[in-house]
Amino acid sequence: MLVKKTIESAEIAAAIDSMAEAIASAHPKADNLVLAGIANGGLPLCTLLEAALAKRLGSSIPKAVIDISFHRDDIGQHPITKEVQATHMATDPEDSTIILVDDVLFSGRTVRAAIAEVLTIGRPYQVELAVLVDRGNRRLPFAANYTGIVEDTTPEQKVEVTLDLKDSAKSKIEIIEA
């Protein structure tokens, strides 16, 4: 594997701050707002985004974990891993604005599965999407409401996101040639 491009921690931090600013502008009172990290890639981003939002809004935002395992359409090719966290909603999704949070937006299949999981729990007022990296190549008609970094990639390339919650200097994004 050949690393084509590396995005360093400073650019990642700036992207997360930009996303938090956009969310705070769209939801200044944060009433009924829930950040829902898609397991597993969206969970660290959800934590970092919530911290950045709390600074701007002056209060913490409820977080949730969305496990898409049973809604994936590729379960035969990619069996459910043991480290997946079960879905846990911080509040009743009814009448909430749920912001799905994921590290990478690619084909749109993960977003479809996450929405299906949310709808099994309840019917939110609104669902939005926040992603750190939009790499294009969509197969389903989904677009993020909040995007940190846009990287045009080919379907054969891989995007690996490492977000270190203890040492942000170790965070990086790598675009890898297959």
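Provided above is the structure to which this section pertains.
Here we summarise the structure given alongside this text. (Residues numbered from 1 in each chain as written. Predicted model: local features only at pLDDT ≥ 70, side-chain atom pairs only at ≥ 80, totals over all residues. Heavy atoms only, no water.)

## Considering the pattern of salt bridges
Note the following rule: Each salt bridge in this description consists of a side-chain nitrogen of Lys or Arg and a carboxyl oxygen of Asp or Glu lying within 4 Å of one another. Residue burial is assigned from relative accessible area. The probe radius is 1.4 Å, only protein chains are included, and a residue is buried under 20% of its type maximum, exposed over 50%, and partly exposed in between.
Following the criterion strictly, the structure yields five salt bridges and no others. In this structure, Lys-172 and Glu-174 form a salt bridge, with 3.5 Å as the shortest nitrogen-oxygen distance. Since its relative accessible area comes to 15%, Glu-174 is described here as buried.

## With respect to the pairing of strand β2 (residues 33-38)
For the record, the criterion: Helix and strand definitions follow DSSP, with helices as H or I runs of at least four residues and strands as E runs of at least two, each counted in order from the N terminus. Only strands joined by at least two bridges in the DSSP assignment are considered to pair.
With respect to burial, β2 is a largely interior element, six of its six residues being buried. Of the strand pairs in this sheet, β2 and strand β4 (residues 97-105) are connected by five bridges, and their pairing is parallel. Across the sheet, the residue bridging to Ala-36 is Leu-100, located in β4. Direction of pairing for β2 relative to strand β3 (residues 63-66): parallel, over a ladder of four bridges. Residue pairing for β3: Ile-38 is matched across the bridge by Ile-66.

## A short note on the sheet that holds strand β8 (residues 172-177)
Convention followed: Whenever a helix is involved, its axis is fitted only over the stretch in contact; in every case the axis is a line through C-alpha atoms, and angles between N-to-C directions fall within 0 to 180 degrees.
Pairing is antiparallel in the open sheet, where three strands are placed in the order β1-β8-β7. Looking at the sheet topology across the chains shown, the edges are occupied by β1 (2-7) and β7 (158-162). Averaged over all pairs of adjacent strands, the angle between strand axes in this sheet comes to 25°, irrespective of strand direction. In this structure, β1 lies alongside β8, joined through five bridges in antiparallel fashion. Paired with Thr-6 across the strands is Glu-174, a residue of β8.

## Describing the sheet that holds β4
Going by this rule: The contact criterion used throughout is that any non-hydrogen atoms of two residues lie within 4.5 Å.
What the five strands build is an open sheet, ordered β3-β2-β4-β5-β6; its pairing is parallel. With one partner strand each, in any of the chains shown, β3 and β6 (146-150) form the two edges of the open sheet. Within this sheet the neighbouring strands show an average axis-to-axis angle of 25°, counted without direction. Summarising the sheet, β4 and strand β5 (residues 126-134) pair through eight bridges and their orientation is parallel. In the sheet register, Val-101 faces β5, and the bridge partner there is Ala-130. Contacts from helix α2 (residues 42-57) reach β2, β3, β4 and β5, with the element oriented near 155° to β2.

## Thoughts on helix α1 (residues 9-26)
Quick note on the threshold: In this scheme, a helix's expected span is set at 1.5 Å multiplied by one less than its residue total.
Taking 1.5 Å as the rise per residue, α1 with 18 residues should run 26 Å; its terminal C-alpha atoms sit 26 Å apart, in good agreement. Those residues of α1 lying buried are Ile-12, Ala-15, Ile-16, Met-19, Ala-20, Ile-23 and Ala-24.

## Quick notes on the packing of aromatic side chains
How we decide: Here is the rule: rings of Phe, Tyr and Trp (six-membered ring for Trp) pair when centre to centre is within 6.5 Å. Planes less than 30 degrees apart are stacked, more than 60 are edge-to-face, and the remainder are tilted. Charge-over-ring contacts are defined here by two conditions on Lys NZ or Arg CZ: a distance within 6 Å of the ring centre and an angle within 35 degrees of the ring normal.
Counted by the stated rule, this structure contains zero aromatic pairs. Note that Arg-135 overlies the ring of Phe-106, its terminal NZ or CZ placed 3.8 Å from the centroid.

## Points about the environment of Ile-176
Mapped onto the fold, Ile-176 is located in strand β8. Once the C-alpha coordinates of Ile-176 and Gln-157 are considered, the two residues, 19 residues apart in sequence, prove to be 5.6 Å apart.

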